[in-house]
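# Structural overview for review
So you can see what is in the structure, the chains are spelled out below.
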Amino acid sequence: MKINLCPNCGSDAYIKSGIVNNRQRYKCKSCGYFFTVNKLGKKIDDYYVNKALQLYLEGLTYREIERILGISHVSIMNWVKKYNVKRPYKTDYHPTYKILNAQELAKYFSDAANLTGAGVLVTELGDKFMLIKWERFKD
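Residues numbered from 1 in each chain as written. Predicted model: local features only at pLDDT ≥ 70, side-chain atom pairs only at ≥ 80, totals over all residues. Heavy atoms only, no water.

If you check an unreviewed UniProt entry, the chain appears there as Helix-turn-helix domain-containing protein from Mangrovimonas cancribranchiae.

Encoded structure:
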């Protein structure tokens, strides 16, 4: 990664100053601050952030979303806090979900019994589709 400025004072006057933990170390000529190259880290694509938040709003738990998308439930929790996403309170419905490929989805909708009742949402999930259906809780 290219260093543009000193993180301490913002100066562009710096020199190489050794290697620490296999990372290049730099020294700012202006303020004498030592710093290293920032880690790139792993960044999760925005598509998965949006998809995780959508699934959370649909009523799935953090761990269910983790199993579906393969993203840590802690990351999903942090996104919910970061974007201040709120779920509706006290609903009489709970979601059930299925992961289907295109042929299975077509077969599912060809059965008339699957078209009646509560709402259904179909969302893309890579090369498959997720079908979420809401069913009323039994009293």
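Let's pick the thread back up.
### Quick notes on the overall build of the chain
Of regular secondary structure, the chain possesses four helices and six strands. Going from the N terminus to the C terminus, the chain shows its helices and strands as β-β-β-α-α-α-β-α-β-β. Here the chain holds 139 residues, and the buried ones make up 24% of them. Residue pairs at least 24 apart in sequence account for 47% of intrachain contacts in the chain once pairs closer than 6 positions are excluded. Of the accessible surface of the chain, which amounts to about 10,100 Å², a share of 51% is contributed by carbon and sulfur atoms. (Helix = DSSP H or I, 4+ residues; strand = E, 2+ residues; numbered from the N terminus. Buried < 20%, exposed > 50% of the residue type's maximum accessible area, 1.4 Å probe, protein only. Contact = heavy atoms within 4.5 Å. Areas by Shrake-Rupley, 256 points an atom, 1.4 Å probe, with all protein chains shown as cover.)

### Notes on the sheet that holds strand β2 (residues 23–28)
One open sheet accounts for three strands, arranged β1-β2-β3; its pairing is antiparallel. Each edge of the open sheet is held by one strand with a lone partner, namely β1 (14–20) and β3 (34–36). Direction aside, neighbouring strands of the sheet carry axes that sit 35 degrees apart on average. Two strands pair when backbone bridges link them, and β1 and β2 are joined in this way by five bridges, in the antiparallel orientation. When the sheet's bridge partners are listed, I15 is paired in β2 with K27. (Pairing = 2+ DSSP bridges. Axes fitted to C-alpha atoms, helices over the stretch in contact; angles between N-to-C directions.)

### Quick word on the packing of helix α1 (residues 46–57) against helix α3 (residues 73–82)
The N-to-C vectors of α1 and α3 enclose an angle of 80 degrees; their axes lie 10 Å apart at closest approach. For the element pair α1 / α3, the angle class is roughly perpendicular. From α1, Y48, V49, A52, L53 and Y56 reach across to α3, where they touch I76, W79 and V80. Grouping the amino acids of the contact of α1 with α3 by side-chain chemistry returns eight nonpolar, no polar and no charged. (Parallel < 35°, antiparallel > 145°, perpendicular 65-115°, else oblique. Nonpolar A, V, L, I, M, F, W, Y, C, P; charged D, E, K, R; others polar.)

### Describing unusual backbone geometry
Even without being a glycine, N21 presents a positive backbone phi close to 50 degrees. Here N21 shows up in the loop between β1 and β2. Phi at N84 is positive, roughly 55 degrees, even though this residue is not glycine. Relative to the elements of secondary structure, N84 occurs in the loop between α3 and β4 (93–100).

### Some details on α3
Regarding α3, the residues found buried are H73, I76, W79 and V80. Viewed along the axis of α3, the buried residues span an arc of 115 degrees, placing them on a single side of the element. Opposite the buried face of α3, by more than 90 degrees, sit the exposed residues K81 and K82. Taken together, the buried residues of α3 touch α1 and α2 (62–69). (Arc of directions from axis to C-beta.)

### Side note on the confidence of the model for the chain
Taken as a whole, the chain shows an average pLDDT of 84; of its residues, 88% reach a score of 70 or greater. Looking over the chain, one finds the lowest element-wise mean pLDDT in β4, namely 80, and the highest in α3, namely 94. (pLDDT = per-residue confidence, 0-100.)

### Observations concerning the packing of α2 against α3
The contact between α2 and α3 brings their axes to 8 Å, and the two run at 120 degrees. Considering their axes alone, α2 and α3 lie oblique with respect to each other. Here the hand of the crossing between α2 and α3 comes out right-handed. Across the interface between the two elements, Y62, R63, I65 and E66 from α2 touch H73, I76, M77 and V80 from α3. Residue composition of the contact of α2 with α3, grouped by class: five nonpolar, one polar and two charged. (Left-handed = near helix turned anticlockwise from the far one by under 90°.)

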